[in-house]
Amino acid sequence: MGAVEIEDVRDDLTTILYQPTQIERRVRELAAEIDRDYDGQDLLIVGVLNGAVMAVADLTRAMTIDCEMQWVAFSSYGDGTTSSGVLRILKDLNVDLTGRHVLIVEDIIDTGLTLSYLVQNLRHRGPASLEVLTVFRKPAARQGQVAVKYVGFDIEDEFVVGYGLDYAGRYRNLNGLGVLSPAVYRRS
């Protein structure tokens, strides 16, 4: 069994932005950078649920250094295609960050508001360092000013699905990334 092929939902997409091989190659490159940057360090990877599950799994399997993984979850989207602006914490960390090297892993940064809140929150917990990795980033949509050390791909400000990103709970397990057709979310 494998992931749902991006080509299988081609009719729901206006464009396929990245094929699985392109994403896999870039994630391996990011893993190699992290291996170099954190060699010999006590690394804690903080994945942002639900979207970062694919990225954290692929990234950590491509890494050669040891790390610990923890998860946080927020809610701001519901079933819409834009942020509601209201942020709810659904799951927090259950480890002490004092003196740890923390790497936040996001699936996508669009406005950056959720990430801004998370970075500010985690900085107050005393980590030795705090960096951010995102697989996808929409520079044109940014509102929050958070430094991102590792970026997989910069993309246009369009509603995308696949590789962890969903629309109303669907498309998250697509193995590539595509722009969702407005006809799909207008039906809902």
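Residues numbered from 1 in each chain as written. Predicted model: local features only at pLDDT ≥ 70, side-chain atom pairs only at ≥ 80, totals over all residues. Heavy atoms only, no water.

Within strand S6 (residues 129-137), seven of the nine residues are buried, which leaves it mostly tucked inside the rest of the structure. In this view, the connection linking strand S5 (residues 101-109) to its parallel neighbour S6 by way of helix H3 (residues 113-123) has right-handed handedness. With four bridges joining them, S6 and strand S7 (residues 150-154) adopt parallel strand pairing. Bridging across to S7, Arg137 finds its partner in Asp154. (Buried < 20%, exposed > 50% of the residue type's maximum accessible area, 1.4 Å probe, protein only. Helix = DSSP H or I, 4+ residues; strand = E, 2+ residues; numbered from the N terminus. Right-handed = clockwise from strand over helix to strand, strands pointing away. Pairing = 2+ DSSP bridges.)

A few words now on the pairing of S5. Counted residue by residue, S5 has nine buried out of nine residues, so it is predominantly covered. Strand direction decides the pairing type here: strand S2 (residues 43-49) and S5, joined by five bridges, are parallel. Within S5, the residue paired with Gly47 across the bridge is Val105. In this sheet, S6 lies alongside S5 in parallel orientation, the contact comprising eight bridges.

This next bit is on helix H2 (residues 53-62). Those residues of H2 that fall on the buried side of the exposure criterion are Ala55, Val56, Leu59 and Thr60. Taken around the axis of H2, the buried residues stretch over an arc of 110°, which confines them to a single face. Against helix H1 (20-37), S2, strand S3 (68-75), S5 and S6 lie the buried residues of H2. (Arc of directions from axis to C-beta. Contact = heavy atoms within 4.5 Å.)

Ile34 and Phe136 are the most contacted members of the largest nonpolar core, which totals 30 residues. Going through the elements one at a time, H1, S2, H2, S5, S6, S7 and strand S9 (177-180) are the ones with two or more residues in this core. The element that contributes the greatest number of residues to this core is H1, accounting for five residues. When near neighbours in sequence (up to four residues on either side) are disregarded, Phe136 contacts Tyr18, Ile23, Asp107, Ile108, Ile109, Phe153, Ile155, Tyr163, Leu165 and Leu177. With 19 residues, the next largest nonpolar core counts Val48, Leu97, Val148 and Val151 among its residues. (Core = buried A, V, L, I, M, F, W, Y, C linked by side-chain atoms within 4.5 Å.)

In a beta sheet, neighbouring strands are held together by backbone hydrogen bonds and run either parallel or antiparallel to one another. The sheet built from six strands is open, its strands ordered S4-S3-S2-S5-S6-S7 with mixed pairing. Only two strands of the sheet have a single neighbouring strand rather than two, namely strand S4 (88-91) and S7. Between one strand axis and the next, the sheet turns by 25° as a mean value, whatever way the strands run. Of the strands in this sheet, S2, S5, S6 and S7 touch H1, which is tilted by about 160° from S7. The sheet strands contacting H3 are S2, S3, S4, S5 and S6, and the helix crosses S5 at an angle near 170°. (Axes fitted to C-alpha atoms, helices over the stretch in contact; angles between N-to-C directions.)

What follows deals with the pattern of salt bridges. Close approach of charged atoms allows side chains with opposite charge to pair. Following the criterion strictly, the structure yields eleven salt bridges and no others. The salt bridge partner of Asp37 is Lys149, with a shortest N-O separation of 3.5 Å. With Asp37 in helix H1 and Lys149 in the loop between S6 and S7, this residue pair connects regions lying 112 residues apart in the sequence. Residue Asp37 is classed as partly exposed on the basis of its relative accessible area of 34%. As a salt-bridge pair, Arg172 and Asp166 come within 3.0 Å of each other at their nearest N and O atoms. Connected through shared salt-bridge partners, Arg26, Glu29 and Glu33 make up one network. (Salt bridge = Lys/Arg side-chain N within 4 Å of Asp/Glu carboxyl O.)

A cluster of nonpolar side chains, contributed by Leu87, Ile89 and Tyr117, occupies part of the molecular surface with about 230 Å² of accessible area. With respect to the helices and strands, the residue Ile89 is situated in strand S4. Classification of Ile89 by relative accessible area gives partly exposed; the value is 44%. (Patch = residues over 30% accessible without salt bridge, like charges linked within 9 Å, V, L, I, M, F, W, Y side chains within 5 Å. Areas by Shrake-Rupley, 256 points an atom, 1.4 Å probe, with all protein chains shown as cover.)

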